[in-house]
Amino acid sequence: MSPGASDKEIAGVVALVEQSGGEAFVSRGVSRTIVGLVGDIEAFQGLNLRAMPGVADVIRVSAPYKLVSRIHHPQMSTVYVAGVPIGPDTFTLIAGPCAVETPQQTLEAAEMAKAAGATLLRGGAYKPRTSPYAFQGLGEAGLKILADVREATGLPVVTEVVDAHDVDLVAGYADMLQVGTRNMQNFGLLQAVGQSGKPVMLKRGMQATIEEWLMAAEYIAQRGNLDIVLCERGIRTFETATRNTLDVSSVPVSHDLSHLPVMVDPSHSGGRRDLVVPLSRAAIAVGADGIIVDVHPHPEQALCDGPQALVDDDLRALAAAVRQLPPLMGRRPATAATPAPR
Ligand code: PEP
Ligand code: MN
């Protein structure tokens, strides 16, 4: 309320809130009185409280997302991808090539991933490239390769969809749909993956706040799909030594605000092979539910993101970190299991 608001004006606000089915709590300070409103925000929005005499400002305190919020769902969620859990009790390694290039390259990368302890395979058939002249992915031919490699290795597949029109096609092959950083606020795509019936990995927009990220997740949830895993993949800062800056804080912050699992992508965060293992260790220590990592049998020949792909010694170091560190955080490896009933 304004500093000079009268008792009558305060009582007027309280009465209006109560008439709309809400509760109003008045706290009187030395210079100012605050009226706290509890109830259905939509009912309050219709009241035009700002126009009431004595009102100085109306501030929304509660989170603008509901379905993904922890207030509405205090228990942390576990999302199952073809039986592989991503959630608070486990640590999930997803690995594979940035892009599907050939059957041989994809199979070799999948075998490397599996040997390192991965229980899900990543690989892009539709690549959201900054340049229209860069390799755009193999499209459906790439999805077929992923399906064959799943058959050969037993690893369920996580792959990106960049266009709402392709969601049904991609969902026909994939076990989990990935929405990339550049599409985090592509609302038509979010709604389409929300209706796909498949679990979704939602990467954080490189320039998005955590609240915007959770609002994007809410779009998916609103279409009836709560099988959403958030993925922190680095944000844009003034720093040029790394491709993006991994925002480690986003893991505990989003865990506090949302019941959704949160993974980290140390490959796209740093954009540098030598940073992948250190950033993975950081991700584990900060409480991430898993990591998604680029591997390639011949990084120097990769059509996309070769400089960040792990091979040989780096991959062995990653495997050791993923074996040794999560148990210290009370987590077990994420192997396929029967989903617990919700
Ligand atoms: C990817 O994972 O292949 C990718 C393109 O990631 P991002 O959307 O985070 O850049
Ligand atoms: Mn990439």
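Above: the structure in question.
Residues numbered from 1 in each chain as written. Chains lettered and ligands numbered in written order. Predicted model: local features only at pLDDT ≥ 70, side-chain atom pairs only at ≥ 80, totals over all residues. Heavy atoms only, no water.

### A few points about helix α7 (residues 210–222)
Given 3.6 residues per helical turn, the α-helix brings residues three or four places apart onto the same face. To keep things clear, this is the line we draw: By definition, any uninterrupted DSSP run of H or I lasting at least four residues is a helix, any uninterrupted run of E lasting at least two residues is a strand, and each is numbered from the N terminus. By definition here, a helix of n residues has an expected span of 1.5 Å times n minus one. Buried residues are those whose accessible area, probed at 1.4 Å on protein chains only, stays under 20% of the maximum for their type, while exposed residues exceed 50% and partly exposed ones sit between those limits. Any two residues whose heavy atoms approach within 4.5 Å are treated as being in contact.
Counted at 1.5 Å a residue, the expected span for α7 with its 13 residues is 18 Å, and the 18 Å between its end C-alpha atoms agrees. Buried within α7 we find Ile 210, Trp 213, Leu 214, Ala 216, Ala 217, Glu 218, Ile 220 and Ala 221. For α7, the elements touching its buried residues are α6 (187–194), β9 (200–203), β10 (228–232), α8 (250–257) and β11 (262–264).

### A closer look at the packing of aromatic side chains
Under the convention used in this document: Two rings from Phe, Tyr or Trp (for Trp, the six-membered ring) form a pair when their centres sit within 6.5 Å of each other. Planes less than 30 degrees apart are called stacked, planes more than 60 degrees apart edge-to-face, and all others tilted.
The tally for this structure, following the rule as stated, stands at one aromatic pair. An angle of 25° between the planes, with centres 4.4 Å apart, marks the rings of Phe 187 and Tyr 219 as stacked. Here Phe 187, found in helix α6, pairs with Tyr 219, found in helix α7; they are 32 residues apart in sequence, far enough to count as distant. The exposure class assigned to Tyr 219 is partly exposed, which follows from its relative accessible area of 29%.

### Brief notes about the site of ligand 1
Note the following rule: Residues are classed as near a molecule or strand on a simple rule: at least one heavy atom within 4 Å of it. What qualifies as a polar contact is a pair of N or O atoms within 3.5 Å, subject to a donor-acceptor requirement within protein and to the restriction that residues adjacent in sequence count only when both atoms come from side chains. Only the protein chains shown count as cover for residues, and all accessible areas are computed by the Shrake-Rupley method using a 1.4 Å probe. Under the scheme applied, nonpolar residues are Ala, Val, Leu, Ile, Met, Phe, Trp, Tyr, Cys and Pro; charged residues are Asp, Glu, Lys and Arg; polar residues are all the others, including Gly.
Taken together, the neighbourhood of ligand 1 is formed by Cys 98, Arg 122, Lys 127, Glu 160, Gln 178, Gly 180, Thr 181, Arg 182, Lys 203, Arg 233 and His 268. Side-chain polar atom of Lys 203 to an oxygen atom of ligand 1: 2.8 Å apart, as the coordinates give it. In isolation ligand 1 has 300 Å² of accessible area, and contact with the protein removes 97% of it. Grouping the constituent residues of the shell around ligand 1 by class yields one nonpolar, four polar and six charged.

### Things to note about the coordination of the manganese ion (ligand 2)
Test applied: Donor atoms are limited to N, O and S found within 2.8 Å of the metal ion, a distance that becomes 3.2 Å for Na, K and Ca. With water left out, some sites might look partial.
The manganese ion (ligand 2) binds to the protein through Cys 98 (SG), His 268 (NE2) and Asp 305 (OD), with metal-donor distances spanning 1.9 to 2.3 Å. Positions of the donor residues of the manganese ion (ligand 2), expressed as sequence spacing, correspond to C-x169-H-x36-D. Pair noted here: Cys 98 is in the loop between β5 (90–96) and α3 (103–115) and Asp 305 is in the loop between β12 (290–294) and α11 (312–324), with a separation of 207 residues, a long-range link. Of the residues examined, Cys 98 reaches a relative accessible area of 4% and is grouped as buried. Here Asp 305 falls in the buried class, since its relative accessible area comes to 16%.

### Digging into the side chain of Lys 203
Structurally, Lys 203 can be placed in strand β9. Accessibility expressed as a relative area gives 4% for Lys 203, which makes it buried. A polar contact is formed between the side chain of Lys 203 and the side chain of Asp 265, at a distance of 2.6 Å. Those residues in contact with Lys 203 that sit more than four places away from it in its chain are Gln 178, Val 179, Gly 180, Thr 181, Met 184, Trp 213, Cys 231, Arg 233, Asp 265 and His 268.

### Comments concerning the environment of Ala 164
On the secondary structure map, Ala 164 appears in the loop between β7 (157–160) and α5 (167–171). The partly exposed category is assigned to Ala 164, whose relative accessible area is 32%. A C-alpha to C-alpha distance of 12 Å links Ala 164 and Gln 185, two positions 21 residues apart in sequence. When sequence neighbours within four positions are dropped, the list of residues in contact with Ala 164 reads Gly 188, Leu 189 and Ala 192.

Spatial relationships are all this shows, so hold off on functional conclusions.
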